[in-house]
Each structure stands twice: as C-alpha cells, then as structure tokens.
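Listed below, chain by chain, are the residues.
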Amino acid sequence: MTIAEPDIEESWKLALQEEFETESFQNLKNFLQQEIKTQTVYPPGRLIFSAFNLTPLTAVRVVILGQDPYHGRGQAHGLAFSVPDGIAIPPSLQNIYKELHEDLGIPIPNTGNLEKWAKQGVLLLNATLTVRASQAGSHQKQGWEPFTDQVIRTISELRAGVVFLLWGKFAQDKEVLIDTSKHFVLKAPHPSPFSVHKGFYGCRHFSKTNEILRNNGMGEIDWNPV
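Presented here is an overview of the structure given in this document. (Residues numbered from 1 in each chain as written. Predicted model: local features only at pLDDT ≥ 70, side-chain atom pairs only at ≥ 80, totals over all residues. Heavy atoms only, no water.)

### A few points about the environment of Asp222
In step 1: Within the element layout of this structure, Asp222 appears in the segment after helix H9 (205-215).
In step 2: Taking C-alpha positions, Asp222 is 9.9 Å from Ile106, a pair spaced 116 residues apart along the chain.
In step 3: The residues contacting Asp222, other than those within four sequence positions of it, are Lys116, Trp117 and Gln120.
In step 4: Separated by 3.1 Å, the side chain of Asp222 and the backbone nitrogen of Asn224 make a polar contact. (Helix = DSSP H or I, 4+ residues; strand = E, 2+ residues; numbered from the N terminus. Contact = heavy atoms within 4.5 Å. Polar contact = N/O pair within 3.5 Å; in protein donor to acceptor, adjacent residues only side chain to side chain.)

Structure below.
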C-alpha cells in the first residue's frame, strides 16, 4: 500500500494537484507509510480513493459526508457508509435503508454496497480516508481532514447546484466550506442507532434531493442500490 502517487481519477487529480503538494499531505503520506509497516490499515491502498474514482468531479451531483471508514475486516472500500457485497450491513446503513424505504418505498436491500449511487454522481466522502484495524478514529488529525475539507471547497467552487446531505454535527460543521448561494444543503441527525430517532427518520432527504435535482434539470438519482 502506498499513496506516494495518489491513484485518483483525472479530474480530481487536476483540481487537487496543489493540495497533494502541501506540507500537510506530505506529512500524511509519511504517516501512512510508517503506519502500514506495523499495523493493518483499512481500506486497502488501491481503494483509498474509490469515492473519487467512481464519482469524477465533473459528475458530482450529491455529496454525503461521513466521518471515518469502517474499521472491521473487509468492511471499508473507500465509500462512506458503504460496505462490499457479502459484508453484513452496518447499523447506520440499515437505518439509512429504513428511511429510504419510508421515503421512496424502495425495498430494503440485502447488500450494503453503494457503488451504484457513486456511479450516478453521489460522492460518498469520509472526512478521514483510512483507519487502523479495530481502532475507530485512529487516523483522525493526521492530515486527511485538511485534504477532504479542500475537496468540499473544490466542489463548492467548481460545481453548481450540488445537494449536500449533512447528517450529524460532524458533517454539519462542514457547511462553512460550502457556498450556499449556489448549492443546496439538507441537514438531519446522524443515522446511527444513538441519534436516528432524533430526526433522521422522517427527514425525507432522498425524495427532497431528487426534487431539487429535477427542478434544476440535473436528473434524479435512482436510490435503489441493487
């Protein structure tokens, strides 16, 4: 695993080139290169930038912000809230699916793989893109946050009419990075079992997002992951 030369889709590579050259990102690379010598790190190196590779900057229509990759074996594959086929669906994603069913009538899927969303322009962005196995939050404050903050700024500057879904305080604190005069922000509590009943259920963010996209001539998202 290495991020010496980030394996990232071309439109992102061009837009983020200056960020890749910052001292903060160089320090992050050094940290990760040391970390993988003694620790198991998720996701595998080739999947760290999956969200960007599946959703080019030029295709972004919706952004869903997460915090950290899942830290269990086989779970993290570079997309916030998503797990690969064959992996048990985590509680937060189960709750997302319940709201999706109530909102749009979509049957509860038996897969937690959200690549279908990503390929339609839904950027599933975690604030931190790697994690040490079995240690939640272990790669926070190592340089990922300045990078992913710049990703949000870049979308805000270079795109228009993007719908940002900010679930929970951590995500909502990122609103300051978004030009709300040209983008749309929908906020709700986090879908985790600890807060889902405080207003995530009933937020109807999926139908609201499609209404916004439709009204702006950007086409709806097919939210059925299957």
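### Some words on the packing of aromatic side chains
In step 1: Summed over the entire model, instances satisfying the criterion amount to 17 aromatic pairs.
In step 2: An angle of 70° between the planes, with centres 6.2 Å apart, marks the rings of Trp167 and Phe206 as edge-to-face. Taken together, the positions of Trp167 in strand E5 (residues 163-167) and Phe206 in helix H9 put the pair 39 residues apart, joining distant regions of the chain. (Phe/Tyr/Trp six-rings, centres within 6.5 Å; stacked < 30°, edge-to-face > 60°.)

### Regarding unusual backbone geometry
In step 1: Going from Tyr42 to Pro43, the amide bond is cis rather than trans, its omega being -10°.
In step 2: Tracing the sequence through the fold places Pro43 in the loop between strand E1 (41-42) and helix H4 (50-54).
In step 3: Residues other than glycine seldom take positive phi values, yet Phe81 does so here, at roughly 70°.
In step 4: Along the chain, Phe81 falls in the loop between strand E2 (62-66) and helix H5 (91-104).
In step 5: With phi around 55°, Arg204 is a residue other than glycine that occupies positive phi space.

### As for the packing of helix H3 (residues 23-38) against helix H7 (residues 144-158)
In step 1: Where H3 contacts H7, the axes come no closer than 8 Å and their chain directions differ by 130°. The orientation of H3 relative to H7 falls into the category oblique. Crossing handedness for the pair H3 and H7: left-handed. The residues of H7 that touch H3, namely those facing Ser24, Phe25, Leu28 and Leu32, are Trp144, Pro146 and Phe147.
In step 2: Per-class residue counts for the contact of H3 with H7 are six nonpolar, one polar and no charged. (Axes fitted to C-alpha atoms, helices over the stretch in contact; angles between N-to-C directions. Parallel < 35°, antiparallel > 145°, perpendicular 65-115°, else oblique. Left-handed = near helix turned anticlockwise from the far one by under 90°. Nonpolar A, V, L, I, M, F, W, Y, C, P; charged D, E, K, R; others polar.)

### Observations concerning H9
In step 1: Inspection of H9 places His205, Phe206, Ser207, Thr209, Asn210, Ile212 and Leu213 among the buried residues, and these make up the whole buried set.
In step 2: Buried residues belonging to H9 abut E2, H5, helix H6 (115-118), E5 and strand E6 (184-188). (Buried < 20%, exposed > 50% of the residue type's maximum accessible area, 1.4 Å probe, protein only.)

### With respect to the packing of H5 against H9
In step 1: The N-to-C vectors of H5 and H9 enclose an angle of 60°; their axes lie 8 Å apart at closest approach. By the angle between their axes, H5 is oblique relative to H9. Contact residues: H5 offers Ile96, Glu99, Leu100, Asp103 and Leu104, while H9 offers His205, Phe206 and Ser207.
In step 2: For the contact of H5 with H9, the class distribution of residues is four nonpolar, two polar and two charged.

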